[in-house]
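Structure at a glance
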Amino acid sequence: MLTSKERAKLRTLANPLETILQVGKGGIGEQLVKQVDDALRARELIKMRVLETAPGFAREFAQQLAEQTDSEVVQVIGTRFVLYRKNKKDPKIIL
């Protein structure tokens, strides 16, 4: 669980990040979960977007992906959300 200070620091770090993955009309599938897991392992902090055609809302998708990838939801704004998971072997972000 992230503290409010840790979450604030992660939000600051996430601000300039580009969106690297999208949730589309297929929703959350096995392949998307694997891509998110790989991205979190490599980057620790990722920004995602939910397309208009997706069958749900950003907050729902963020929670589902966080549960399935053992990560934390940092923030949800509109159709975008940020996930964080510390890399235990090689941490890049020090909180």
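Above this text is the structure in question.
Figured I'd write up the structure that's included with this text. (Residues numbered from 1 in each chain as written. Predicted model: local features only at pLDDT ≥ 70, side-chain atom pairs only at ≥ 80, totals over all residues. Heavy atoms only, no water.)

With that settled, consider the side chain of lysine 47. If you trace the backbone, lysine 47 turns up in strand β2 (residues 45–50). Within the structure, lysine 47 has its side chain in polar contact with the backbone oxygen of alanine 14 (distance 3.3 Å). Side-chain polar atoms of lysine 47 contact the backbone oxygen of asparagine 15, separated by 3.3 Å. (Helix = DSSP H or I, 4+ residues; strand = E, 2+ residues; numbered from the N terminus. Polar contact = N/O pair within 3.5 Å; in protein donor to acceptor, adjacent residues only side chain to side chain.)

In this section: the nonpolar core. Grouped together as the largest cluster of nonpolar side chains are 20 residues, with contacts concentrated most on Val23, Val36, Met48, Leu65, Phe81 and Leu83. Here valine 23 is in contact with Leu32, Met48, Arg49, Val50, Leu51, Ala54, Phe61, Leu65 and Phe81, once residues within four sequence places are set aside. Of all hydrophobic cores here, the second largest spans 8 residues; its members include Leu2, Leu10, Leu45 and Tyr84. (Core = buried A, V, L, I, M, F, W, Y, C linked by side-chain atoms within 4.5 Å. Buried < 20%, exposed > 50% of the residue type's maximum accessible area, 1.4 Å probe, protein only. Contact = heavy atoms within 4.5 Å.)

Quick look at the side chain of threonine 69 now. As for its position among the elements, threonine 69 is in helix α3 (residues 58–69). Looking at threonine 69, its side chain comes within polar contact range of the main-chain oxygen of leucine 65, at 2.6 Å. When neighbours within four sequence positions are excluded, threonine 69 is seen to be in contact with Val33, Val36, Asp37, Leu40 and Arg85.

Glancing now at the pairing of strand β4 (residues 80–84). Regular strands place their side chains on alternate faces of the sheet. Most of β4 sits inside the fold, with 4 of its 5 residues counted as buried. Note that β2 and β4 share 5 bridges and pair antiparallel. The residue of β4 that forms the bridge with leucine 45 is tyrosine 84. Note that strand β3 (residues 72–77) and β4 share 5 bridges and pair antiparallel. Looking across to β4, one finds that isoleucine 77 is bridged to arginine 80. (Pairing = 2+ DSSP bridges.)

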